[in-house]
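Coordinates in review
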Amino acid sequence: MSGGAVGEVRRGRLAGASFGTRLLVVMAGVVVGCAGSAWLVASVLAPEIFHDHLGQAGIEHDSAEAAHVEEAFTDSIVLAWGLAVGVAVLLALLASWYLTRRVQRSVAVVTASTAEIAGGRYDTRVASPELGREFDDLATSVNELARRLDATDTTRRRMLADLGHEMRTPLATIDSYLEAVDDGVRDYDHDTREVLWTATRRLERLASDIVAVSAVEEHLTRLHPVPTTIAGLVGTALDAARERFADKGVELTARDLVDAEVTVDVDRMGQVLGNLLDNALRHTPAGGSVTVSTSLLPADTGTRTSGTDTVALRRVSVTVTDTGEGVAAHHLDHLFDRFYRVDTARGRHGGGSGIGLAITRALVEAHGGRVSAASDGPGHGARFSFTIPRTARWP
């Protein structure tokens, strides 16, 4: 068999070996090669050097004493170096075996965990192998991947279930009324047409909301930021909502409006404020009040890089506070999820699709901001806030 064929066979065998075996073979080859080289160099050079020193000491090279001394030195060098190299190789191989076994075990755990995650077991977590920062970062990344996939899958399943639930009511209404018309139980009069149109519009609004929130969350909505003021944004949103608030008998006021410049998409931020005001109006009874306030947050709330310098990133906060129904603590973390409503029955009859706050969060995050909700409990009102960075001229 030729040398090339032998090499191909060896590479083929090694290709089927595990990572730990490969690592052990490579480390063993390095250890044996280094030890053999050291032993060969010492056994060749040491007798020659010793021979020269005997001549410098005045001992004749051809004498019996010189021959005996050189033979004794050579034997001792070969024996001592051979024993030392053997012990060193054995210890190095043991250390290499231990290290490769730990590395292989850690890689096997990560491989098994990723396989379980790929199979849909998103609750799988990888323990830190304690082999160094890189392996810890790998375990952290795998765990974060599993967590996000779990959250995504949970949201997907809940969204599909809620979507089916949302569509069932208007579809059932359309089906029952059409069946009643076919059976002659009802006439196709103005009232029947109004019910059918209402159910149809509800389905149309639901489809439109789904497309809108998907586009925003997947960054398909292009933002067109322009310089404006936060006071101007709030003022425009209040003017657009005043008539609806007056019709329901809810007081709408503004407080502490700061005249700070921001660079945002005016239409999209108007949509954010409109959604928050509509949500507050929907859950505030007649005689209640809704207040919009703004504030500048301290300069150390964030940083951004400008050229080679890191400068303070100031943010502006907008809060919509109502005196309405309030929210229990366990609902707060889910208010911005798709289709989530604290009271599903009231939400359906009130006309909301449970998706406006999800659009609000997506638009705020698209501007680099954050949104949050707070409440002291049912009957104590609620506060919805969002913060966005100021990217315009700073004072």
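Computed from a predicted model, the values in this text were never measured in an experiment. (Residues numbered from 1 in each chain as written. Predicted model: local features only at pLDDT ≥ 70, side-chain atom pairs only at ≥ 80, totals over all residues. Heavy atoms only, no water.)

Remarks on the overall build of the protein chain
Regarding its fold elements, the protein chain presents nine helices and nine strands. Looking at the protein chain as a whole, 33% of its 395 residues qualify as buried. Of all intrachain contacts in the protein chain linking residues separated by at least 6 positions in sequence, the fraction that spans at least 24 positions is 70%. When the accessible area of the protein chain is evaluated, it comes to approximately 23300 Å², of which 58% is carbon and sulfur surface. (Helix = DSSP H or I, 4+ residues; strand = E, 2+ residues; numbered from the N terminus. Buried < 20%, exposed > 50% of the residue type's maximum accessible area, 1.4 Å probe, protein only. Contact = heavy atoms within 4.5 Å. Areas by Shrake-Rupley, 256 points an atom, 1.4 Å probe, with all protein chains shown as cover.)

Here's the deal with the environment of Glu325
Here Glu325 lies in the loop between strand S7 (315-322) and helix H8 (344-349). Considering only alpha carbons, one finds Glu325 and Pro285, 40 residues apart in sequence, at a separation of 8.0 Å.

Let's talk about helix H9 (residues 356-366)
Among the residues making up H9, those that are buried are Leu357, Ala358, Ile359, Thr360, Ala362, Leu363 and Val364. Just downstream of H9, Gly368 is the residue with a positive phi angle, here 80°.

Description of the sheet that holds strand S2 (residues 251-255)
To summarise the sheet geometry, strands pair through backbone hydrogen bonds and adopt either a parallel or an antiparallel arrangement. Strand order in this open sheet of five strands is S2-S4-S7-S9-S8, and the pairing throughout is mixed. Two strands lie at the open edges of the sheet, namely S2 and strand S8 (370-375), each paired on one side alone. Pairwise comparison of adjacent strand axes, ignoring direction, gives a mean angle of 15° for this sheet. Where S8 meets strand S9 (residues 382-389), six bridges bridge the pair, whose relative direction is antiparallel. Within S9, the residue paired with Ser375 across the bridge is Ala382. The sheet contacts of helix H6 (residues 230-248) involve S2, strand S4 (289-296) and S7, and relative to S2 the element is tilted by about 170°. The sheet contacts of helix H7 (residues 266-282) involve S2, S4, S7 and S9, and relative to S9 the element is tilted by about 170°. (Pairing = 2+ DSSP bridges. Axes fitted to C-alpha atoms, helices over the stretch in contact; angles between N-to-C directions.)

With respect to the nonpolar core
Most often, soluble globular proteins have nonpolar side chains that are buried together. Within the largest apolar cluster, 40 residues are counted, with the highest numbers of intra-cluster contacts made by Phe245, Leu277, Val290, Leu335, Phe384, Phe386 and Ile388. Ranked by size, the runner-up nonpolar core spans seven residues in total, among them Ile117, Ala139, Val142 and Ala146. (Core = buried A, V, L, I, M, F, W, Y, C linked by side-chain atoms within 4.5 Å.)

Examining the pattern of salt bridges
The tally for this structure, following the rule as stated, stands at six salt bridges. One salt bridge in this structure joins Asp239 and Arg242, with 3.6 Å as the shortest N-O distance. Of this pair, Asp239 and Arg242 are both found in helix H6, three residues apart, which corresponds to roughly one turn of the helix. For Arg242, a relative accessible area of 39% translates into the label partly exposed. Each of the salt bridges in this network shares a partner with another, and the network as a whole consists of Glu144, Arg147 and Arg148. (Salt bridge = Lys/Arg side-chain N within 4 Å of Asp/Glu carboxyl O.)

Quick word on the packing of aromatic side chains
In total, this model carries zero aromatic pairs according to the counting rule given. The lysine or arginine in question, Arg193, covers the ring of Tyr188, its NZ or CZ lying 5.5 Å from the ring centre. (Phe/Tyr/Trp six-rings, centres within 6.5 Å; stacked < 30°, edge-to-face > 60°. Lys NZ or Arg CZ within 6 Å of the ring centre and 35° of its normal.)

Focus: H6
An α-helix turns once per 3.6 residues; consequently, residues spaced three or four apart project the same way. Here H6 spans 27 Å end to end across 19 residues, near enough to the 27 Å set by a 1.5 Å rise per residue. The largest bend in H6 comes to about 45°, at Ala241. Residues of H6 that are buried: Ile230, Ala231, Leu233, Val234, Ala237, Leu238, Ala241 and Phe245. Taken from the residues just after H6, Gly249 is the one with a positive phi, measuring 80°. (Expected span 1.5 Å × (residues − 1). Bend = angle between axes of the 7 residues up to and from the residue.)

Let's talk about the pairing of S9
Counting buried residues in S9 gives seven out of eight residues, a clear majority hidden from the surface. In terms of strand pairing, S7 meets S9 through eight bridges, oriented antiparallel. Counterpart to Asp322 in the pairing with S9 is Ala382. Count of turn residues in the S8/S9 antiparallel hairpin: six residues, of which Gly377 carries a positive phi of about 120°.

Some points on the confidence of the model for the protein chain
Mean pLDDT over the protein chain works out to 76, with 73% of the residues at or above the 70 mark. No element of the protein chain has a lower mean pLDDT than H8, which averages 42, and none a higher one than S7, which averages 92. The low-confidence segment residues 300-312, where pLDDT is below 50, has 17 contacts with residues more than four positions distant or belonging to other chains. (pLDDT = per-residue confidence, 0-100.)

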